[in-house]
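# Structural overview
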Amino acid sequence: MTHSSYAAADALLDPLTHADGSADDVWREMRDRHPWVRHEPDGYPAFWSVTRYQDVRSVYADPERFSSAGGVLLRAYVNGEDPGAGLTLALTDPPRHSSLRTILAPHFNERNARALADRLRADVRDVLFRAAESGEFDFVHDVAGRLSSLLIARLLGVPDADLDTAVRWIEEAFAAAKPMTSHVPLTRYVIDLMEQRDKGPSDDAISLLLEGEVDEELLTETEVLLNCENLLGASENAGLSLAAGMAALVAHPEQWHDLREHPEIQASAVEEILRWGSSATHSMRTATSDMEREGCRIRKGERVVLWVRSANRDEREFEGPEKFDLRRKPNRHLALGFGPHVCIGQIMARHQSRILLEELVTSVAAFEQTGPVTPLASIAVNGPARLPMRLALR
Ligand code: HEM
């Protein structure tokens, strides 16, 4: 057995290691010398850390051997089991996962993204206008967070008149880092929407979930609610990715200049922002059988943590991974996962990011950072916690 333990790797469980950037050094060492590391920390289940691009990708691609049903985020024992385990899109395995994905997929395709584009652009303009009017603002909360909550509220089917209130509840529920179902107003609101859509279906994700069948049976009310929570929870990742992109553009003025002068690089810019931000720091799986990887014995039932951010900085896959390069090609990053569980919101998230970049280029005359970026301290999500800015519209 080679390199199954590496003491420094346990620091990855400390949120501060991620806030101060030292996780990048730990991961580099792990990629070079300890690609599979076993941890036995207090308060957590024993787990394996996977840090190389190819290993992360191959685990993502193999739901037979690496199950999602027991949870996809590393949780301390005190937090108990994820309430969605075995029930939501993210937390099921084939064939149940494939059926759930088939129910929801039509709502997240390119055609729907294009149909939503005008509203997404109007949202971006409105949010930038409010930010410019307010003087100094926090890009993380006031722009990125608001846009991602708006996107998901629209996909769920929240009517225009309720958007402001729903967005506030989404922000409150997820800022508290508690399950949505413990947040009474938002849960009650989603249940109300479910009742309305039950009587009169519309073109939205809630209606699809209410009508959808797995094994010729309708989903239960709890399953619909938990799947709505699964979608709403994505707003955090999506917002952090947009915010990390802005922070990177501010920190790399030559890249911003290139983007402004060459709008044709927008598509590759969106990908590099996703790779650079890697707002989902890790995904987790559970081994379904005993197996061997890189000379290490993984046992059935053990957790396997895929450090996505590390994979997206792997020198074996990316040339100059530490460089923020909006023209990077190829860029086969794993920021949105890979394989059957690849992010269902990926087309929407890319559209929204592209529209934001377009509007920054065309509607914004100037922007500046007005204070230090506060990094987030978390082992699950990555990005700025606060990015104070000022901007002027044209
Ligand atoms: C930049 C923004 C986003 C990032 C970085 C991101 C990241 C990810 C990642 C890494 C996964 C794979 C998780 C795993 O395999 O365990 C995933 C899955 C998922 N994402 Fe996203 N996501 C983003 C935006 C969105 C949006 C906008 C939505 C909803 C509208 C969404 C909904 C989901 C859902 C439901 C899954 C589970 C899919 C499945 O298991 O089949 N995400 N996302």
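See above for the structure.
## Details of the overall build of the protein
Scanning the protein from terminus to terminus reveals 14 helices and 14 strands. Relative to the 2.2 N^0.38 estimate, which gives 21 Å for 394 residues, the radius of gyration of the protein is 21 Å and therefore close to what a compact globule would have. Considering only C-alpha atoms, the protein reaches an extent of 60 × 55 × 35 Å along its principal axes. Expressed as a percentage of its 394 residues, the buried residues of the protein come to 55%.

## Details of the site of the ligand
Taken together, the neighbourhood of the ligand is formed by 29 residues, with His 97, Arg 101, Arg 285, His 341 and Cys 343 sitting nearest. Between the ligand and Arg 101, the relevant distance is 2.7 Å, taken from an oxygen atom to a side-chain nitrogen or oxygen of the residue. Between an oxygen atom of the ligand and a side-chain N or O atom of Arg 285, the distance comes to 2.7 Å. Among the elements of the structure, helix 4 (96-104), helix 6 (139-156), helix 10 (221-251) and strand 7 (282-287) are those that each provide at least two residues to the shell around the ligand. Counting residues per element, the shell around the ligand draws most heavily on helix 10, at five residues. Tallied by class, the residues present in the shell around the ligand amount to 19 nonpolar, eight polar and two charged.

## Observations concerning the coordination of the iron atom of the ligand
Each angle at a metal carrying four tetrahedral donors should ideally be 109.5 degrees, and each at a metal carrying six octahedral donors should ideally be 90 or 180 degrees. Looking at the protein side alone, the iron atom of the ligand has one donor only, Cys 343 (SG), at 2.3 Å. Relative to the assigned elements, Cys 343 resides in the loop between helix 13 (308-311) and helix 14 (346-363).

## Notes on the sheet that holds strand 1 (residues 36-39)
Taken together, five strands build an open sheet; the order of strands is 1-2-10-7-3 and the sheet is mixed. In the strand order of this sheet, the two ends are held by strand 1 and strand 3 (66-67), each with one partner. Here helix 3 (residues 53-60) sits on the sheet in contact with strand 1, strand 2 (47-50), strand 3, strand 7 and strand 10 (303-307), set at roughly 125° to strand 10.

So, how was this worked out
- Residues numbered from 1 in each chain as written.
- Predicted model: local features only at pLDDT ≥ 70, side-chain atom pairs only at ≥ 80, totals over all residues.
- Heavy atoms only, no water.
- Helix = DSSP H or I, 4+ residues; strand = E, 2+ residues; numbered from the N terminus.
- Rg over C-alpha atoms; globule rule 2.2 N^0.38 Å.
- Buried < 20%, exposed > 50% of the residue type's maximum accessible area, 1.4 Å probe, protein only.
- Near = heavy atom within 4 Å.
- Polar contact = N/O pair within 3.5 Å; in protein donor to acceptor, adjacent residues only side chain to side chain.
- Nonpolar A, V, L, I, M, F, W, Y, C, P; charged D, E, K, R; others polar.
- Donors = N, O, S within 2.8 Å, 3.2 Å for Na, K, Ca; no water.
- Pairing = 2+ DSSP bridges.
- Contact = heavy atoms within 4.5 Å.
- Axes fitted to C-alpha atoms, helices over the stretch in contact; angles between N-to-C directions.

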